[in-house]
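What follows is the residue order along each chain.
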Amino acid sequence: MSKKLKPIIAIAVIAALILIAGLSSMRSIPTGRVGVVVQMGAPTGRVVPNGLQFSAPLVQRFEVVDVRVQTVEAYATAVSSDLQSVDAIIVLNYQITSSGALYVVQNIGVPFLEGDIIVPALQQAVKDVTARYTSSQLVHYRARIAADMLAQLEAELDEFGVIVRAFNIVDFQFSDIFDEAIEQAQAAEQDLVRIEAEERARVVRAQARLAAAEYDAAAIIVAAEAEAAANRLIADSITDRLIDWEIAQNWDGQLPQVQGGGTPIIDLR
């Protein structure tokens with residue numbers, strides 16, 4: 001009986017080994033990842049997409065690399081061109097290409113990509129670009145500065161097979177002394193705006209008063225000229241005949257009780 005079981009057991013063992021080998025050669029690569037085929041500890045240069053994949057039993061395995069868009073946030077300290085200390089918080093969205101996955105596995109190691117490559121590149125871009133601008137420009141030209149940093153990052157990360165999908169400066173923080181200086185400058189600017197507005201208002205009021213005075217003066221001149229012209233007309237129109245006619249029109253028919261002149265009055269009695 002044992003002699004009959006031995007071949008069966010041997011076949012079962014061989015089948016089990018084949019099954020184990022077959023199962024170990026299969027690997028499901030999740031969606032959004034790729035698999036870099038590694039043989040005897042060294043990448044073969046072959047990258048497989050997501051899905052069920054097969055490899056040589058016992059000698060090959062898959063190094064899974066995430067090729068979805070990922071986010072990293074970094075803190076950086078820099079100095080502006082006018083020697084102001086600047087602290088920045090930067091957020092980067094990046095994606096590893098399929099060819100970049102092979103490079104990362106061969107030369108960097110997936111767990112070390114962010115800490116050894118991406119974050120230092122972010123910090124260096126902040127330092128290099130910040131040094132080209134004054135602190136005031138850093139405040140007013142953030143979009144231009146972000147574009148300069150993005151351009152430098154894209155150039156540096158491209159050689160590692162990393163694509164920059166989005167870049168954002170979350171915050172620029174300056175020293176307390178600089179912040180106080182900014183506040184004082186803003187207060188002075190607001191005072192200047194207020195003073196200029198008050199001065200413009202005074203000028204407008206003065207111009208209004210001057211215009212009113214000029215109008216009144218012009219009105220007085222016109223009235224005086226009109227009155228003078230009327231007086232001239234009246235003076236020119238008065239004649240002896242007109243005077244006699246006016247006397248005649250206003251006489252009530254009574255002779256005067258006393259008459260006088262150059263001759264003395266004589267009592268005829």
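Along each chain, numbering runs from 1 in the same order as the chain's sequence is written. Per-residue local features of the predicted model are confined to residues with pLDDT of at least 70, and side-chain atom pairs are confined, for both listing and counting, to 80 or more; whole-chain, interface and lining totals are unaffected and use all residues. With hydrogens and water excluded, all non-hydrogen atoms of the structure serve as input to the side-chain values.

Each helix corresponds to a stretch of at least 4 residues labelled H or I by DSSP, and each strand to a stretch of at least 2 residues labelled E; elements are numbered beginning at the N terminus. Counting secondary structure elements, the chain contains seven helices and eight strands. Looking at the chain as a whole, 23% of its 269 residues are labelled buried. Of the contacts formed within the chain by residues at least 6 apart in sequence, a portion of 65% connects residues at least 24 apart. Accessible surface computed for the chain: about 18,600 Å², of which carbon and sulfur atoms make up 59%. Three exposure classes are used, based on accessible area relative to the maximum for each residue type with a 1.4 Å probe and protein chains only: buried under 20%, partly exposed in between, and exposed over 50%. Only heavy atoms enter the contact rule, under which two residues are in contact if any of them lie within 4.5 Å. In this description, accessible areas are obtained by the Shrake-Rupley approach with a 1.4 Å probe, and a residue is regarded as covered only by the protein chains that are shown.

Criterion used throughout: strands pair if DSSP finds at least two bridges between them. Strand order in the open sheet made by the three strands is 3-2-5, with antiparallel pairing throughout. Strand pairing shows two members of the sheet lacking a second neighbour, strand 3 (42–48) and strand 5 (60–66), which therefore form its edges. Each strand of the sheet is rotated relative to its neighbour by a mean of 30 degrees, with strand direction disregarded. In this structure, strand 2 (residues 33–39) lies alongside strand 3, joined through four bridges in antiparallel fashion. To define axes, lines are fitted to C-alpha atoms, for helices over the stretch in contact only, and angles between the resulting N-to-C directions are given on a 0 to 180 degree scale.

Moving on, we come to helix 5 (residues 142–158). End to end, helix 5 covers 24 Å across 17 residues, agreeing with the expected 24 Å (1.5 Å per residue, within 8%). Of the residues making up helix 5, those classed as buried are Ile 145, Ala 146, Met 149, Gln 152, Leu 153 and Leu 157. Seen from one end, helix 5 has its buried residues packed into an arc of 130 degrees, which puts them on one side. The outward face of helix 5, more than 90 degrees from its buried face, is lined by the exposed residues Ala 143, Ala 155 and Asp 158. On its buried face, helix 5 is in contact with strand 7 (85–96), helix 3 (113–130), helix 4 (135–140) and strand 8 (162–174). Multiplying one less than the number of residues by 1.5 Å gives the expected span of a helix. Directions from the helix axis toward the C-beta atoms define the arc.

Oppositely charged side chains can pair when the atoms bearing their charge come close. Any carboxyl oxygen of Asp or Glu within 4 Å of a side-chain nitrogen of Lys or Arg constitutes a salt bridge here. Inspection of every chain in the model, using the stated rule, returns three salt bridges. For Arg 68, the salt bridge goes to Asp 66, with nearest N and O atoms at 2.8 Å. Judged by relative accessible area, which is 39%, Arg 68 ranks as partly exposed. The shortest N-O distance in the salt bridge between Arg 202 and Glu 199 comes to 2.5 Å. One end of the pair is Arg 202 and the other is Glu 199, both in helix 6 (residues 176–237) and three residues apart, which spans about a single turn. Classification of Arg 202 by relative accessible area gives partly exposed; the value is 40%. Residue Glu 199 is classed as partly exposed on the basis of its relative accessible area of 37%.

What follows is about the packing of aromatic side chains. Aromatic rings from Phe, Tyr and Trp, taking only the six-membered ring of Trp, are treated as a pair when their centres fall within 6.5 Å; an angle between ring planes under 30 degrees marks them as stacked, one over 60 as edge-to-face, and anything in between as tilted. Under the criterion given, the structure shown has one aromatic pair. Between Arg 144 and the ring centre of Tyr 141, over which it is positioned, the NZ or CZ distance is 4.5 Å. Two conditions define a charge sitting above a ring: the NZ of Lys or the CZ of Arg must be within 6 Å of the ring centre, and it must be within 35 degrees of the ring normal.

In this structure, His 140 sits in helix 4. Within polar-contact distance, the side chain of His 140 engages the backbone oxygen of Ser 136 at 2.8 Å. N or O atoms within 3.5 Å of each other form a polar contact, as long as, within protein, one can give a hydrogen and the other can take it, and as long as residues adjacent in sequence are counted only when both atoms are side-chain atoms.

Let us now look at helix 2 (residues 98–108). All of the buried residues in helix 2 are Gly 100, Ala 101, Leu 102, Val 104, Val 105 and Ile 108. Residue Gly 109 follows helix 2 closely and has a positive phi angle near 100 degrees.

On to the confidence of the model for the chain, then. Residue-level pLDDT values for the chain average 77, and 68% of them are 70 or greater. Confidence per residue, as judged by the predictor, is encoded in pLDDT with a range of 0 to 100. When pLDDT is averaged over each helix and strand of the chain, the minimum, 59, is found for helix 1 (residues 2–24) and the maximum, 93, for helix 3.

Adjacent strands of a sheet form backbone hydrogen bonds with each other and so pair up, either parallel or antiparallel. As summarised here, the arrangement of the three strands in space is 6-7-8, forming an open sheet in which the pairing is antiparallel. The open sheet terminates on both sides in strands that have one partner only, identified here as strand 6 (70–79) and strand 8. For this sheet, the mean inter-axis angle between neighbouring strands, taken without regard to orientation, is 20 degrees. In this sheet, strand 7 lies alongside strand 6 in antiparallel orientation, the contact comprising ten bridges. Note that in strand 7 the partner of Gln 70 across the bridge is Tyr 94. The strands touched by helix 3 within the sheet are strand 6, strand 7 and strand 8, with strand 6 carrying the most contacts at an inclination of about 40 degrees. Seen against the sheet, helix 5 touches strand 7 and strand 8 and runs at an angle of roughly 140 degrees to strand 8.

Moving on to the packing of helix 3 against helix 5. Relative orientation of the contacting elements helix 3 and helix 5 amounts to 140 degrees, with a least axis distance of 9 Å. Judged on the interaxial angle alone, helix 5 and helix 3 are oblique. Taken as a pair, helix 3 and helix 5 cross one another with a handedness that is right-handed. On helix 5, the residues touching Ile 117, Ile 118, Ala 121, Leu 122, Gln 124, Ala 125, Val 126, Asp 128, Val 129 and Thr 130 of helix 3 are Ile 145, Asp 148, Met 149, Gln 152, Leu 153, Glu 156 and Leu 157. Residue polarity is assigned by list, with Asp, Glu, Lys and Arg as charged and Ala, Val, Leu, Ile, Met, Phe, Trp, Tyr, Cys and Pro as nonpolar; anything else, Gly included, falls into the polar class. Across the contact of helix 3 with helix 5, the residue classes tally to eleven nonpolar, three polar and three charged. Working rule for angles: under 35 degrees goes down as roughly parallel, over 145 as roughly antiparallel, 65 to 115 as roughly perpendicular, anything else as oblique. Less than a right angle of anticlockwise turn of the near helix away from the far helix marks a crossing as left-handed, whereas a clockwise turn marks it as right-handed.

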